[in-house]
Amino acid sequence: MHSGPEDIAHAVSLLKQGRLVAFPTETVYGLGADALNAGAVDAVFRAKGRPATNPLIVHVVDEAMARRVSSQWPRAASVLAERFWPGPLTLVLPRAPAVPDAVAAGGATVAVRCPDHPLTLALIETLGAPLVGPSANRSGGISPTCAEHVRESFSEAEVFVLDGGPCVGGIESTVVDLTTDPPRVLRPGLITSDQIAAALGTPVEANNPGPAEQIARSPGQHRSHYAPATPLRLVAPAGLTQALGAEEGAAVVLGPADILVSNPHTSIEMPHAPAAYAARLYAALREADAQRLPRILVVQPWGDSPPTAAWEAVADRLRRAAAPREG
Ligand code: AMP
Ligand code: MG
């Protein structure tokens, strides 16, 4: 049963007390707190076990609210907000003094976006203040794409969950830094750098896994992230048979319907198109983990050649899920 107006009213009263409320978006579920209340923001970091060096995205209802949390609002911000909000695009801008240090991990910039979900827009509108909203999971784990996933990580007493059904997008927003010239994509998402460049009419630097400085600028850059507990390996379609034959024990294989997998291995069918694949990805990784086999093999959905632009965001998440775990 999805949440209704009484749930929103209850959520707002909790947020006003500095408590945590998980909210649905078109990307993943967010762990919400009043972005202008430093104590509430600290509670988000504690609940997630999130390093203080990893800043949070501020969620707003519109450009006017975004201007309250940023100290400069360049023309590019207006153009992108007009074109893509509400939607999965986060803008990094100079931070306004009202935003607590912890939100920005002590930095001079703030990340802001307007999520595309009616429940959450009503929530922020009624509260009358922006919300921080990192993914509603323990730090480093798989992001939640439905209310049940959130409840697997947090007790009812700790986090009130607004249930808005499954997330239609399924992976985190694209993050674009507007404080650099040219603007730079820090984290790929469902809105591609080409779409951003087309909207701006100027070049945009695409995300490329890079220097330590860039890692600090965008937590989505941590090499290991979005990771199931089970070791995960990416394999090209042509390499699947050999990978299964290797003596590393039974595997859960995430792949297209036509792959051949036999006992003791199991399989989870994945969609063919990038958007459908993204929407299904995190739930599938959770299901794979729950099978408790020694390993997960993911058949590269983009095939045996390097990923095309349409697969950029999914490829980013899969590589991080496969990366060696960092502590
Ligand atoms: P999460 O909320 O877990 O999806 O991660 C937060 C994301 O917000 C990170 O991946 C960063 O890319 C982005 N972010 C938040 N604040 C900043 C900031 N001040 N500068 C750059 N990126 C940021
Ligand atoms: Mg996250």
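Whatever comes next refers back to the structure up there.
Sequence order as written defines the numbering, with residues in each chain counted from 1. Going through the entries in the order they are written, you letter the chains from A and number the ligands from 1. Given that this is a predicted model, residues contribute local features only at a pLDDT of at least 70 and side-chain atom pairs are listed and counted only at 80 or more, while totals for whole chains, interfaces and linings are drawn from all residues. Side-chain calculation: all heavy atoms of the structure are included, whereas hydrogens and water are not.

Draft legend 1. Region of interest: the pattern of salt bridges. Whenever Lys or Arg places a side-chain nitrogen within 4 Å of a carboxyl oxygen from Asp or Glu, that contact is recorded as a salt bridge. Tallying each qualifying case throughout the model produces 12 salt bridges. As a salt-bridge pair, Arg 67 and Glu 63 come within 3.0 Å of each other at their nearest N and O atoms. Of this pair, Arg 67 and Glu 63 both sit in helix α3 (residues 63-69), separated by four residues, roughly a single helical turn. When a residue's accessible area, from a 1.4 Å probe over protein chains only, is under 20% of the maximum for its type it is buried; when over 50% it is exposed; and in between it is partly exposed. Given the relative accessible area of 26%, Glu 63 is considered partly exposed. Where Glu 152 meets Arg 286, a salt bridge forms, and the shortest distance between an N and an O atom there is 3.1 Å. Taken as a pair, Glu 152 in helix α6 (residues 147-153) and Arg 286 in helix α10 (residues 274-290) lie far apart in primary sequence, 134 residues in all. The exposed category is assigned to Glu 152, whose relative accessible area is 56%. In DSSP terms, a helix is any run of H or I states spanning at least four residues, a strand is any run of E spanning at least two, and both are numbered starting from the N terminus.

Draft legend 2. Region of interest: the side chain of Asp 34. Examined against the element boundaries, Asp 34 turns out to sit in strand β2 (residues 30-34). No salt bridge is formed by the buried Asp 34; its nearest oppositely charged neighbour, Arg 68, is found at 7.8 Å. The term polar contact refers here to a pair of N or O atoms within 3.5 Å; inside protein, the definition further demands a hydrogen-donor-capable atom paired with an acceptor-capable atom, and it admits residues adjacent in sequence only when both atoms are side-chain atoms. At 2.9 Å, the side chain of Asp 34 forms a polar contact with the backbone nitrogen of Leu 36. Only heavy atoms enter the contact rule, under which two residues are in contact if any of them lie within 4.5 Å. Among all residues touching Asp 34, those that are not within four sequence positions of it are Leu 15, Ala 40, Val 41, Ala 129, Pro 130 and Leu 131. Charge assignment in this entry is limited to Lys and Arg as positive and Asp and Glu as negative, and neither His nor the chain termini are counted.

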